[in-house]
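Geometric and topological summary
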Amino acid sequence: ANAVHSVTLENIEVTDQKLAGIRNSAQVLTLRHLVSSNTVPALQIIDGAGVVTLLDSSLHGLPAKRPGPGILNRGVLIARNLTSEGYTNVIENRAGHGDGASGAVIPEYQSHEIVTLFPAPPFSLNLPVQETPEAPWDPLSDWASPSGFGGKPDDNGDDSEAIQKAIDSGATTVYLPHGTWTLKNPVELRGKVRRILGTEARLVLALPEGQPGFQITNTTAPTFWLERLEIEGTKNALVDLAAERQVVLIDCLGVSVSGKAKTELFFEDVSSVMPLQLGPGQSLWARQWFQGFQGLKLANRGGAAWLMGYTTERPGVLVNTMADGKTP
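Residues numbered from 1 in each chain as written. Predicted model: local features only at pLDDT ≥ 70, side-chain atom pairs only at ≥ 80, totals over all residues. Heavy atoms only, no water.

Thoughts on the overall build of the protein chain
Rules: Helix and strand assignments follow DSSP, with helices taken as H or I runs no shorter than four residues and strands as E runs no shorter than two, numbered in order from the N terminus. Relative accessibility thresholds used throughout: buried, under 20% of the residue-type maximum; exposed, over 50%; partly exposed, between the two (1.4 Å probe, protein chains only). Per-residue and other accessible areas were derived by the Shrake-Rupley procedure at a 1.4 Å probe size, with only the shown protein chains allowed to occlude residues.
Summing up its helical and strand segments, the protein chain has one helix and 26 strands in all. Its C-alpha atoms give the protein chain principal-axis dimensions of roughly 70 × 45 × 35 Å. For the protein chain, buried positions account for 48% of its 328 residues. Accessible surface, the protein chain: about 15600 Å² in total, of which carbon and sulfur atoms supply 53%.

Below you can see the structure in the form of structure tokens.
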């Protein structure tokens, strides 16, 4: 019952609730892969301030004394790729326009009239959704820390060389112990390394303006993970995409990305401090992405960007899509 923040849920199962599987008042919810098995509605949006986007979900209505709808909407609802069984109707709409929807499969539904600035199809792009690659847990014998190569957190010294040595040690996972680490020179992600893992570490980018903290070059791994980092610095990219790779950022604060290499980019629970630019051959799947700076947030110049749970603050264009780019 609060409209300030937002909630993003994926792969959630609810069963045997008393009132509703999920009940939303004045919140912004983005749900994907919701599975509900209930005698009550799977979803209730109980007031006009509630907004829900529901994707790729299944609603199973169990026998009830008073059969009813799978979704009862008094707010704003967008549903896509929804399957349902056992309910009298799938969606009962008490807001916007139309009565709702019924049937075993709902390809797409909007509770309110679509408004466009130019002629456009009355449905979303429905781009293919790619799941976030799961990070490997390497044996501890394949882990290394810059602490073993002369690096010290919280001393304001340059830790670039120590981090580079940890990467070049042959380790597949390099972890940064808790504390503040400083980069005054770019570090290459190369060799066998495939994961940079912070234990709630803080990373200060104190490089000359325009130089990245990390540059992905010739790592042998096709996928690279950066996780659990807080980054300080708004004049430098955290990572430069200089080689064709999958790149995954999870649980990171203050992220910025640059580079034009063909990339599949994944964000999960990430905040950004600089605009993201996507070009041809670059794709983004972002889950719970926050951008709080002023100005243009996302420039999609020929790439593909799928955003699930996108929060912004301060004035500026949220998304600028051009040059055959696709942004649902």
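A look at unusual backbone geometry
Positive phi, close to 55 degrees, is recorded for D269, a residue that is not glycine. Mapped onto the elements of the fold, D269 is located in strand β21 (residues 263-272). Residue D269 is classed as partly exposed on the basis of its relative accessible area of 45%. Even without being glycine, Q288 reaches a positive phi, approximately 60 degrees. Topologically, Q288 is positioned in strand β23 (residues 282-291).

Some words on the pattern of salt bridges
Short version of the rule: A carboxyl oxygen of Asp or Glu within 4 Å of a side-chain nitrogen of Lys or Arg is what we treat as a salt bridge.
Summed over all chains, the structure comprises 14 salt bridges. Put simply, R287 and E10 hold a salt bridge, and the shortest N to O gap is 2.8 Å. Placement of the pair is R287 in strand β23 and E10 in strand β1 (residues 7-15), with a sequence separation of 277 residues. Of the two residues, R287 and E10, both sit in the buried class. A salt bridge links R228 to E200; the shortest N-O distance between them is 3.1 Å. Of this pair, R228 sits in strand β17 (residues 223-232) while E200 sits in strand β15 (residues 195-205), placing them 28 residues apart in sequence. Judged by relative accessible area, which is 33%, R228 ranks as partly exposed. E200 sits in the partly exposed class, given a relative accessible area of 45%.

Describing helix α1 (residues 160-167)
Condition: A contact between two residues is defined here by any heavy atoms of the two lying within 4.5 Å.
Counting buried residues along α1, six of its eight residues qualify, which places the element largely inside the surrounding structure. Along α1, the residues classified as buried are S160, A162, I163, Q164, A166 and I167. Considering only its buried residues, α1 is in contact with β11 (143-144), β12 (173-176), β13 (180-183), β14 (187-191), β15 and β16 (214-219).

Considerations on the layout of surface pockets
In this approach, a probe sized like a water molecule rolls over the atoms, and the result shows the empty space that is left. Inclusion rule: Definitions used throughout: a 1 Å grid over protein atoms alone; a cavity as a set of points that fits a 1.4 Å probe which cannot get out; a pocket as an open set with protein on both sides within 12 Å along at least five of seven lines; a lining residue as one with an atom within 4 Å of a point. Grid points are joined across faces, edges and corners, and a volume is the space filled by probe spheres set on the points. As a working rule, the residues Ala, Val, Leu, Ile, Met, Phe, Trp, Tyr, Cys and Pro are called nonpolar, Asp, Glu, Lys and Arg charged, and the rest polar, with Gly in that last group.
Here the largest pocket is characterised by a volume of approximately 1300 Å³. Lining the largest pocket are 38 residues, and of these I78, S124, L125, T327 and P328 lie nearest its centre. Elements with a minimum of two residues in the lining of the largest pocket: β3 (28-38), β5 (51-61), β7 (76-85), β10 (105-110), β25 (304-312) and β26 (319-322). Per-element tally for the lining of the largest pocket: the top contributor is β25, with six residues. Tallied by class, residues from the lining of the largest pocket come to 21 nonpolar, 14 polar and three charged. In this structure, the second largest pocket encloses a volume near 300 Å³. Around the second largest pocket, the lining is made up of 19 residues, and of these V257, S258, G259, P275 and Q277 lie nearest the centre.

Thoughts on the packing of aromatic side chains
Under the convention used in this document: Between the rings of Phe, Tyr and Trp (Trp by its six-membered ring), a pair exists once the centres lie within 6.5 Å; its type follows the angle of the planes, with under 30 degrees stacked, over 60 edge-to-face, and the other angles tilted. As a reminder, the over-ring test applies to NZ of lysine and CZ of arginine, requiring each to be within 6 Å of the ring centre and within 35 degrees of the ring normal.
Counted according to the given criterion, the structure contains five aromatic pairs. By the ring-pair criterion, three or more aromatic residues cluster together here, those being W137, W143 and Y175. Here the guanidinium or amino end of R195 rests over the ring plane of W137, the centre of that ring lying 4.1 Å away. Looking at K297, its charged tip hangs above the ring of F293, at a distance of 5.1 Å from the centre.

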